[in-house]
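Topology and contacts: notes
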Amino acid sequence: MGKIIGIDLGTTNSLAAVWQDGRSRLIPNSFGEYLTPSVVSMGEEGIVYVGKTAKERLISHPNRTISVFKRFMGTGKIYELGGKEYRAEELSALVLRKLKEDAERYLGEPVEEAVVSVPAYFNDMARKATKAAGELSGLQVERIINEPSAAALACHIRNREEDETFLVFDFGGGTLDVSLVDCFDNIIEITAVSGDNHLGGSDFDRMIAEEFCKEHNLNFSELSRQRQEVLLESAARAKCTLTEKNDTVMQVSGREFKGQMKINNKKLIQISMPLFRRMAIPIKKVMYDADKNMLEISKIILVGGSCKMPSVQQYLRHMEGEHKIIVAEPDYMVALGVGIYAGIKERKDDVKDLLLTDICPFTLGTGIQNEADIGRPVMSAVIERNSALPCSKVKRFFTANDYQRHVKIDVYQGEEYYVDNNICLGEINVDVPPAPRGHESVTVRYTYDMNGILIVDVKVDSTKEEVQRIMTTGADTIQPEKIEQYIEELEKLKFYPANQEENQMVSAWGERLFAQASGVLREEIAGRLQYFQHLLQVEQDTYKIKKWKKKLESYFRNIEEHLRNTDVYEMPEDIDLWFRENSDKEDELEEEYFLWCDGHLTH
Ligand code: ADP
Ligand code: MG
């Protein structure tokens, strides 16, 4: 049997972990980094880029690059990429495939199975889509685990002795998840979850970008996709700089427009006040749902990239008290937790006794007749949200009309009063003997398991007729019988061999800077990139390629640095001189490059 790995398939970044030598270890990708951006890009020749290289292409090839697709898992949304259509689960499959390959290389053995974490708010369809994505990537995904539960597991394992109740505040790129965790003995119980599916780091980027537009008389939503990406990237960069120091200058150096905006943490708070207000709501909601007060909570553990923001930490300290806020490896907590779960699944001695219980994050119910408005049935809950899993609940329903012959049980998920505002998962129809209203009844049982699979049984009480259905119809995801076909399609895609990935990444980096830069600098970047392509494709001299790649990297770093730190966004006139000052002098390859540029390259 191959190894089981744990995967945090994030909206912004994905990570893999494995249980090894008695602990959960993160698996580095081919760049030696733990975070792999969840971005997919398609090259002109049908070549697929995944991760860091693809992220670089967001700006240079906005129409051929897709990010933030996790949100649309299981919705049937179709993305167009390089003339072909893809679903979010196929794009996720490409990310999973990359993580699988990197893991296999790192572990030196095949990986066939993965435990994958998903947001607690993921509905049935999104969970099924996640499993389908696993299958498409060649990974069996038997177990799906909620992200906050994974984070809780990782937190608890650090101080295993203590029985405690704590909150996990997971603030990522696009979502906020808050969960209440009870730990006693070896049982970790998630007792309530809440969150905001549309609140995350990217909202801060957007706020900053819009403020920039306001100060420069632009209208963000009227800008082209590429301009928007350029602005959002600069905004995200400014935001991350504010984690390190208190003020910075947001630099935008596009071809068509340039500009700068001073920003410090205070200004960031001012322009994103509405976001801060929304952050407090899910905390209140979980406390209310679990019927707890803040005094019973020992700590709040901050997880997710956006928790690195000093303003976020400050705000929570202000709201909940200094001593309660714990920030420990916010980027890695979820992945480390799924890694532990992979260990539990492999029944590794050190963790096999840990028991993680989960809860159903939403209400599951059925529509019942609404006397006040016959056309709009209302929700009758069968399984209440935050019920512990696995769980099985029974409810009896009576006929609503005289001599009705059929009873239809619609299955809904959601918290809204009117069923049409909730998600319909499917329906079951049964026949009942005709009788006056209220004289016939059906007993309905909902069984919801740890993997988020819902089974509904309907029994007609008088005739004892029984119907059972596994709720899959509503799932607008790839059907199991179609998986093979999809796999074939994905297999036609070309991937860059891992040993060339770094070269590709440097090229993509250069293309992005090219898209951002202007004037002489732009030409300079283009020349150096072309020379790199020339070395890769024509000369194919490994030594030279390596050396030039290193030079390019330091050159690009210098450019980034320059753009970030100077108040003058124009590049120095004498770009060659500037570059030479910033790189090693008297370099043969540099000379060769200039010769090549002049068309005098000789062998
Ligand atoms: P997800 O779980 O959605 O994949 P992550 O937990 O990886 O997301 O968080 C990604 C978000 O964190 C992004 O919006 C990113 O801009 C933000 N982020 C990452 N590092 C920092 C930092 N140093 N300062 C501020 N925000 C950061
Ligand atoms: Mg996350």
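It should be noted that the structure appears before, not after, this text.
Residues numbered from 1 in each chain as written. Chains lettered and ligands numbered in written order. Predicted model: local features only at pLDDT ≥ 70, side-chain atom pairs only at ≥ 80, totals over all residues. Heavy atoms only, no water.

**Topic: the sheet that holds strand E29 (residues 494-495)**
Sheet strands associate in pairs through backbone hydrogen bonding, adopting either a parallel or an antiparallel arrangement. Strands sit in the order E7-E5-E6-E29 across an open sheet of four strands; the sheet is mixed. The outermost strands of the open sheet, each flanked by one partner alone, are strand E7 (65-67) and E29. Summarising the sheet, strand E6 (residues 47-50) and E29 pair through two bridges and their orientation is parallel. Residue pairing across strands places Val48 opposite Phe495, the latter belonging to E29. (Pairing = 2+ DSSP bridges. Helix = DSSP H or I, 4+ residues; strand = E, 2+ residues; numbered from the N terminus.)

**So, the nonpolar core**
Among the nonpolar cores identified, the biggest contains 45 residues, and Phe169, Leu231 and Met279 are the most heavily contacted of them. Top element by residues in this core is helix H8 (residues 273-290). It accounts for seven residues. In terms of nonpolar packing, the next biggest core, distinct from the first, is built from 43 residues, Met42, Val48, Leu107 and Ala129 among them. (Core = buried A, V, L, I, M, F, W, Y, C linked by side-chain atoms within 4.5 Å. Buried < 20%, exposed > 50% of the residue type's maximum accessible area, 1.4 Å probe, protein only.)

**Notes on the sheet that holds strand E20 (residues 364-368)**
One open sheet accounts for four strands, arranged E21-E20-E24-E25; its pairing is antiparallel. The open sheet has two edge strands, strand E21 (378-383) and strand E25 (423-431), and neither has a second partner. Averaged over neighbouring strand pairs, the angle between their axes works out to 30° when direction is ignored. Where strand E24 (residues 406-413) meets E25, eight bridges bridge the pair, whose relative direction is antiparallel. Bridge pairing in E25 links Tyr412 to Cys424. (Axes fitted to C-alpha atoms, helices over the stretch in contact; angles between N-to-C directions.)

**Some points on the site of ligand 1**
As a matter of local geometry, ligand 1 sits amid 16 residues, with Thr12, Gly173, Lys239, Thr243 and Gly305 nearest to it. In this structure, an oxygen atom belonging to ligand 1 sits 2.8 Å away from a main-chain N or O atom of Gly305. Interatomic distance of 3.3 Å between a backbone N/O atom of Ser306 and an oxygen atom of ligand 1. Relative to its unbound accessible surface of 590 Å², ligand 1 loses 85% to contact with the protein. Counting only elements with at least two residues in the shell around ligand 1, the list comes to helix H5 (201-215) and helix H6 (225-244). The leading source of residues in the shell around ligand 1 is H6, at three residues. Looking at the shell around ligand 1 residue by residue, the class counts come to two nonpolar, twelve polar and two charged. (Near = heavy atom within 4 Å. Polar contact = N/O pair within 3.5 Å; in protein donor to acceptor, adjacent residues only side chain to side chain. Areas by Shrake-Rupley, 256 points an atom, 1.4 Å probe, with all protein chains shown as cover. Nonpolar A, V, L, I, M, F, W, Y, C, P; charged D, E, K, R; others polar.)

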